[in-house]
Amino acid sequence: ASDRLVRLAAIDKERGVALTHADAIDRYAPLTTHMLREMALSNISFGAHTKSHPILRRLPHDEARTEIVDSQTMVKEHCGTVSRIFAYPNGQHEDWTDDIERILADEGFTAALTTISGTNTVRTPRFRLRRITMDATDDWTPFIATESGIRGIVQALKSNV
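Cut-off values and rules
- Residues numbered from 1 in each chain as written.
- Predicted model: local features only at pLDDT ≥ 70, side-chain atom pairs only at ≥ 80, totals over all residues.
- Heavy atoms only, no water.
- Phe/Tyr/Trp six-rings, centres within 6.5 Å; stacked < 30°, edge-to-face > 60°.
- Buried < 20%, exposed > 50% of the residue type's maximum accessible area, 1.4 Å probe, protein only.
- Lys NZ or Arg CZ within 6 Å of the ring centre and 35° of its normal.
- Helix = DSSP H or I, 4+ residues; strand = E, 2+ residues; numbered from the N terminus.
- Contact = heavy atoms within 4.5 Å.
- Pairing = 2+ DSSP bridges.
- Axes fitted to C-alpha atoms, helices over the stretch in contact; angles between N-to-C directions.

A. Main features of the packing of aromatic side chains. Using the criterion set out here, one finds three aromatic pairs in the structure. Considering the side-chain rings of Tyr 88 and Trp 96, the 4.4 Å spacing of their centres and the 10 degrees angle between planes classify their relative orientation as stacked. Comparing Tyr 88 with Trp 96 shows no difference in burial state: the two are buried. An aromatic cluster is built from Phe 86, Tyr 88, Trp 96 and Phe 109, whose rings are joined through pairwise contacts. Sitting above the plane of the Phe 109 ring, Arg 84 keeps its charged end 5.3 Å from the centroid.

B. Structural detail: the side chain of Gln 72. Take Gln 72: it is sitting in helix H3 (residues 61–79). On the accessibility criterion, Gln 72 (10% relative accessible area) is buried. In contact with Gln 72, not counting residues within four places along its chain, are Ala 48, Val 82, Arg 84, Glu 107 and Phe 109.

C. Representation of the sheet that holds strand S3 (residues 129–131) within the structure. With parallel pairing, three strands are arranged side by side in an open sheet as S1-S2-S3. Looking along the sheet, the strands with just one partner apiece sit at the ends: strand S1 (85–87) and S3. Across this sheet, the average inter-strand angle for adjacent strands is 40 degrees, counted without regard to direction. In terms of strand pairing, S1 meets strand S2 (residues 111–117) through three bridges, oriented parallel. Residue pairing across strands places Ala 87 opposite Leu 113, the latter belonging to S2.

Okay, here's the thing in C-alpha cells:
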C-alpha cells in the first residue's frame, strides 16, 4: 500500500492533481464513525471491500486474505455488523481469481459483487454477481429498462437481426 501512495503522490506533483486527497472534496470524503453508526441504526448495512483497495489477483494468497479479513473486521468494529456480501475492488473479470472466491467463502461471505454491468440469473455464480449501475448523469428510464429486463431483450433482438 505504501508503494502505491508514493506513486500517487508523484502523480499528484507531476500532474497538479490531488489523487491522494480525494477526501478534500466533500462528496468524496469518508463517512465519519458517527455517520456510520447513525446509518446502521437506520438498518443500512455496510460490507467489506478490502483494507487498501488492491487488485486482489495481484496479491499473494495470504496478503489477499489479510486485505479481506481486515476490511471485514474494520467494518464490524465501526458499524457493529458487516454484510455477508463482498464488493471486489474494481470488480472486472481480471481483478480476482477462483482462489479469491474460496477465501471469501472460507471467511463466511455468501456472495460477491463485481462491477460488470448486467443482470443476474439463477445460473450466475454467487461470487460473480453483476450490477446495474447509475451515476448522477443517469435518469430512471434506462435504469427501469435494464432492471426490468427490457434492455436485455431489445439487445438480444438487435443481435439476431
